[in-house]
Amino acid sequence: MEKEKVVVLTGAGISAESGIKTFRDADGLWEGHDIMEVASPTGFEKNPALVLDFYNQRRRQLKEVVPNEGHKALVLLEEQYDVTIVTQNVDNLHERAGSSKIIHLHGELSKMRGVQYPYKIYDCSGDIYVGDVCKRGSQLRPHIVWFGEDVPMIETAIAECTQAAILMIIGTSMQVYPAASLINFVPQSTPIYFIDPKPSVNESAYQNLTVIAEKASTGVAKVIEELVGF
Ligand code: APR
């Protein structure tokens, strides 16, 4: 029998209990920086060394953190469902927990590309510095979608949502588009579970919406228990 499709949209909140800071829980600052300073093409033009250093630190941090109960619980879902994770996160904690189908909407810290060649992507495990170039001679940058840039994976994510029998949304402030619009692409009858200690969703706008105002570690487990029965 074909498995039902579950789409899981995750944001920074699912990695919070692994020790990675969220974006908007600290006065609009991200690790002490204005988000636009470190996550926009203009920020990179102004101060490439600062931006590269910022992502080098984030990439190094990946080696010190591990997936938490939230990431791990989602792997169990695969026993009974066809699960697609659509994550806004640039960390690799879903992969390391063992989830098999992951769409990174906003790119990945463990990838890089030349500034001039957005579609030629390389693996990246170390630091990137000003002067480091790709095979075609273009300055390397992290493979991250910055504010104002295209989100090439959004069409794939929309297609997944239109097929979703169940949608789970975990740990996102739903402030960044087009990611936040994905909730509007699931069929009307699709149950939606929204797990976030400070949920920002208009409850009256969606039929079949269940809000679980808890951290990912406990909230995800509750939903999985309901869906899988363990
Ligand atoms: N478990 C679940 N959710 C949590 C937890 C936790 N332990 N701790 C915090 N949260 C929730 C917050 O309540 C908030 O709703 O995580 C959410 C984090 O929101 P943001 O910091 O805005 O992160 P996110 O929604 O992922 O941001 C979207 O913005 O800067 C860009 O590209 C970046 O992908 C990012 C996008």
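Residues numbered from 1 in each chain as written. Predicted model: local features only at pLDDT ≥ 70, side-chain atom pairs only at ≥ 80, totals over all residues. Heavy atoms only, no water.

A. Expanded view of the domain arrangement of the protein. Split by domain assignment, the protein resolves into domain 1 (1-20 + 67-106 + 151-230) and domain 2 (22-64 + 110-144). Between the C-alpha centres of domain 1 and domain 2 there is a distance of 26 Å. Contacts between the two partners involve 14 residues from domain 1 and, on the opposite side, eight residues from domain 2. Carbon and sulfur atoms make up 59% of the surface buried where domain 1 meets domain 2, a total of about 920 Å² over both sides. (Domains from an automatic or database assignment. Contact = heavy atoms within 4.5 Å. Buried area = accessible area lost by both parts, 1.4 Å probe.)

B. Quick peek at the site of the ligand. In the vicinity of the ligand lie 21 residues, with Phe23, Arg24, Thr172, Ser173 and Asp196 positioned nearest. Interatomic distance of 2.8 Å between a side-chain N/O atom of His106 and an oxygen atom of the ligand. Starting from 730 Å² of accessible surface for the ligand in isolation, the protein chains cover 92%. Of the residues contributing to the shell around the ligand, the split by class is seven nonpolar, eight polar and six charged. A domain-level breakdown of the shell around the ligand finds at least three residues from each of domain 1 (1-20 + 67-106 + 151-230) and domain 2 (22-64 + 110-144). (Near = heavy atom within 4 Å. Polar contact = N/O pair within 3.5 Å; in protein donor to acceptor, adjacent residues only side chain to side chain. Areas by Shrake-Rupley, 256 points an atom, 1.4 Å probe, with all protein chains shown as cover. Nonpolar A, V, L, I, M, F, W, Y, C, P; charged D, E, K, R; others polar.)

C. A look at the pattern of salt bridges. A complete count under the given rule lists eight salt bridges for this structure. A salt bridge links Arg60 to Asp127, with the nearest nitrogen and oxygen atoms 2.5 Å apart. Of the two residues, Arg60 sits in helix H4 (residues 48-62) while Asp127 sits in the loop between strand S7 (121-123) and strand S8 (140-144), which places them 67 residues apart along the sequence. What makes Arg60 partly exposed here is its relative accessible area of 41%. By relative accessible area, Asp127 is classed as partly exposed at 27%. A salt bridge links Asp82 to Lys101; its shortest N-O distance comes to 3.1 Å. A residue pair is termed long-range when its members are at least 10 positions apart, and Asp82 in strand S4 (residues 81-87) and Lys101 in the loop between helix H6 (93-97) and strand S5 (102-104) qualify at 19 residues. Taken together, the shared-partner salt bridges connect Lys5, Asp82, Lys101 and Glu160 into one network. (Salt bridge = Lys/Arg side-chain N within 4 Å of Asp/Glu carboxyl O. Helix = DSSP H or I, 4+ residues; strand = E, 2+ residues; numbered from the N terminus. Buried < 20%, exposed > 50% of the residue type's maximum accessible area, 1.4 Å probe, protein only.)

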